[in-house]
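Residues per chain are reported as follows:
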Amino acid sequence: MTDTIILAVETSCDETAVAVVKNGTEVLAEVVASQISTHQKFGGVVPEVASRKHLELINISIEEALEQANLTFSEITHFAVTYGPGLVGALLVGVATAKAMAFAAQKPLIGVHHIEGHVYANFLTHNDIEFPVVCLIVSGGHTTLVEITDYGKYQFLGQTRDDAAGEAFDKVARALGLGYPGGPKIEECAREGSNTAIKLPRSWLEDGSYDFSFSGLKSAVLNYLNKQEMKKEAININDVAASFQEAVIEVLSEKTLRAAKEAQVKTILLAGGVAANKALREDLSDRCSKLGIRLVYPPIKYCTDNAAMIGCAAHYKALRGEFAELNLNAVPNLKFGVS
Ligand code: KG4
Ligand code: ZN
């Protein structure tokens, strides 16, 4: 196959992102127009505001990406877009734009699952990953363990039964008055706190289960905060953040390692926004090195939402001839790993 030069668009949540990726690994351009400051005023992402912002930002982001890549529209070989899961109005902006570009340029369109994009952030930045691998995907909407036996071949192992890990970080951060997005703020506070200061539960679920549950932990933190307030006792935010973060990491790391051992894989991948968490990376890295398992994770900028990871996933879809029709629609609750 000749070179792929893919223009990828990602608008599933609160980042308007456009990238140009050559052959799945060479990032020729990347633009991430973050809406964080817009949504901070509201303490979280407001879907309607996100859609409007995407509309404002999408065309200039595409122009900027083409300029960065020093390419003209006609040199793009494929157009790729995240079509789910995510906020429907936000997704629609990206999907409609990518369809219009593919139609105008008469080039193939590729629809990418947002979570599959997160997984491919690893292949974008590492060209020496050997299958099979176990991948822990931890984002604002997902906590999923999968075994990957080849590009695009997933064996679904487990997922959260309630809150996603990132969602738990965001909710606890909000309760602590740390604002949005919560993950990086909790991580910052946790660095100054003691992770054994407050006893918090770990939800292991049934023996052998690779599912997760974080709502009990979140409630335990909220109860602790309420009790301290009622007793008029001081709350050490750093200690709460550190103890909470430790409880999340312990369960994520244990289950991921167990899955890797059981599947007898030699490599673990980490993906999604929570993969930016240094304490999680360090904990998994320590455990992996003891067992001779290789741990791979993307640089921080490719852990959180971006379009380069979508361009990489699209490259492998192009190799498999998996193209979308021009009637591609946004699918807000698109499933992953169940097929
Ligand atoms: O992957 P992502 O950018 O968007 C989704 O697909 O959801 O993930 C966002 C999530 C948020 O919940 C955010 O709080 C969390 O990732 N996050 C972190 C960190 N950076 C982002 N959680 C823990 N530690 C971090 N450093
Ligand atoms: Zn994401």
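An account of the accompanying structure is given in this report.

Rules used in this analysis
Residues numbered from 1 in each chain as written. Chains lettered and ligands numbered in written order. Predicted model: local features only at pLDDT ≥ 70, side-chain atom pairs only at ≥ 80, totals over all residues. Heavy atoms only, no water. Donors = N, O, S within 2.8 Å, 3.2 Å for Na, K, Ca; no water. Tetrahedral: all angles 85-135°; square planar, octahedral: opposite > 155°, others 65-115°. Helix = DSSP H or I, 4+ residues; strand = E, 2+ residues; numbered from the N terminus. Buried < 20%, exposed > 50% of the residue type's maximum accessible area, 1.4 Å probe, protein only. Expected span 1.5 Å × (residues − 1). Phe/Tyr/Trp six-rings, centres within 6.5 Å; stacked < 30°, edge-to-face > 60°. Lys NZ or Arg CZ within 6 Å of the ring centre and 35° of its normal. Near = heavy atom within 4 Å. Polar contact = N/O pair within 3.5 Å; in protein donor to acceptor, adjacent residues only side chain to side chain. Areas by Shrake-Rupley, 256 points an atom, 1.4 Å probe, with all protein chains shown as cover. Lys, Arg positive; Asp, Glu negative; His and termini not counted. Salt bridge = Lys/Arg side-chain N within 4 Å of Asp/Glu carboxyl O. Contact = heavy atoms within 4.5 Å. Axes fitted to C-alpha atoms, helices over the stretch in contact; angles between N-to-C directions. Parallel < 35°, antiparallel > 145°, perpendicular 65-115°, else oblique. Left-handed = near helix turned anticlockwise from the far one by under 90°.

**Comments concerning the coordination of the zinc ion (ligand 2)**
Put simply, the ideal angle at a metal is 109.5 degrees for four donors in tetrahedral geometry and 90 or 180 degrees for six donors in octahedral geometry.
Consideration 1: Every protein donor of the zinc ion (ligand 2) is accounted for by H114 (NE2), H118 (NE2) and D305 (OD), and the metal-donor separations fall at 2.0 Å.
Consideration 2: Relative to the metal, the six donor atoms surrounding the zinc ion (ligand 2) lie at angles of 54 to 167°, and the coordination shape comes out irregular.
Consideration 3: All donors of the zinc ion (ligand 2) come from a single chain, and their spacing in sequence reads H-x3-H-x186-D. You can see H118 sitting in helix α4 (residues 114-125) and its partner D305 sitting in the loop between α10 (300-303) and α11 (308-319), a full 187 residues away along the chain. The same class applies to H118 as to D305, namely buried.

**A word on α4**
Consideration 1: Here α4 contains twelve residues, and its C-alpha end-to-end distance of 17 Å stays within 8% of the 16 Å for a straight helix at 1.5 Å per residue.
Consideration 2: For α4, the full list of buried residues reads H114, I115, E116, G117, H118, V119, Y120, A121, N122, F123 and L124.

**What about the packing of aromatic side chains?**
Consideration 1: Under the counting rule described, the total for this entry stands at eleven aromatic pairs.
Consideration 2: Residues F169 and F244 carry aromatic rings whose centres are separated by 5.2 Å and whose planes lie at 80° to one another, so their mutual orientation is edge-to-face. With F169 in helix α5 (residues 165-175) and F244 in helix α8 (residues 237-263), this residue pair connects regions lying 75 residues apart in the sequence.
Consideration 3: Relative accessible area serves as the criterion here: at 3%, F169 is assigned to the buried category.
Consideration 4: Exposure remark for F244: the relative accessible area of 0% places this residue in the buried category.
Consideration 5: Of the aromatic side chains, those joined through ring pairs into one cluster are Y120, F123, F131, Y151 and Y316.
Consideration 6: Over the ring of F212 we find K255, and its NZ or CZ is 5.7 Å from the ring centre.

**Points about the site of ligand 1**
Consideration 1: Neighbouring ligand 1 are 19 residues; H118, G140, D170, G183 and E187 lie closest to it.
Consideration 2: At 2.9 Å from an oxygen atom of ligand 1 is found a side-chain nitrogen or oxygen belonging to H118.
Consideration 3: For ligand 1, an oxygen atom lies 3.1 Å from a polar atom in the backbone of G166.
Consideration 4: Isolated, ligand 1 exposes 550 Å² of accessible area, and the fraction of that covered by the protein chains is 88%.
Consideration 5: Among the elements of the structure, α4, α5 and α6 (182-190) are those that each provide at least two residues to the shell around ligand 1.
Consideration 6: In terms of residue count, α6 provides more of the shell around ligand 1 than any other element does, four residues in total.

**Quick word on the side chain of E10**
Consideration 1: Along the chain, E10 falls in strand β1 (residues 5-10).
Consideration 2: It is K317 that comes nearest to the buried, bridge-free E10 among opposite-charge side chains, at 13 Å.
Consideration 3: In this structure the side chain of E10 is engaged in a polar contact, spanning 2.6 Å, whose partner is the side chain of S12.
Consideration 4: Within the local environment of E10, its side chain forms a polar contact with the side chain of H114, the two groups lying 2.9 Å apart.
Consideration 5: Residues contacting E10, with those up to four places away along its chain left out, are E15, T16, A17, T82, H114, D305, N306, A307 and I310.

**So, the packing of helix α7 (residues 215-230) against α8**
When two helices pack together, their arrangement is given by the angle between the helix axes and by the axis-to-axis distance.
Consideration 1: At a closest axis distance of 11 Å, the pairing of α7 and α8 adopts a crossing angle of 165°. Our classification of the angle between α7 and α8 gives roughly antiparallel. In terms of crossing hand, the pair formed by α7 and α8 is right-handed. Facing α7, whose interface residues are L217, V221, Y224 and L225, α8 presents V240, F244, A247 and V248.

**A look at the environment of L157**
Consideration 1: Along the polypeptide, L157 turns up in strand β8 (residues 153-159).
Consideration 2: With 165 residues separating them along the chain, L157 and E322 place their C-alpha atoms 24 Å apart.

**So, the pattern of salt bridges**
Consideration 1: Going through the model one piece at a time under the given rule, you end up with 15 salt bridges.
Consideration 2: Put simply, K53 and E56 hold a salt bridge, and the shortest N to O gap is 3.2 Å. Here the residue K53 and the residue E56 both occupy positions in helix α2 (residues 47-69), the gap between them amounting to three residues, near one helical turn.
Consideration 3: The class of K53 is partly exposed, set by a relative accessible area of 23%.
Consideration 4: A salt bridge links D211 to R161; the shortest N-O distance between them is 2.9 Å. Of this pair, D211 sits in the loop between α6 and α7 while R161 sits in the loop between β8 and α5, and the two are 50 residues apart along the sequence.
Consideration 5: Relative accessible area serves as the criterion here: at 19%, D211 is assigned to the buried category.
Consideration 6: Among the ionic contacts, a cluster of salt bridges with common partners joins D163, E167, K171 and K218.

Just distances and angles here, no functional claims.
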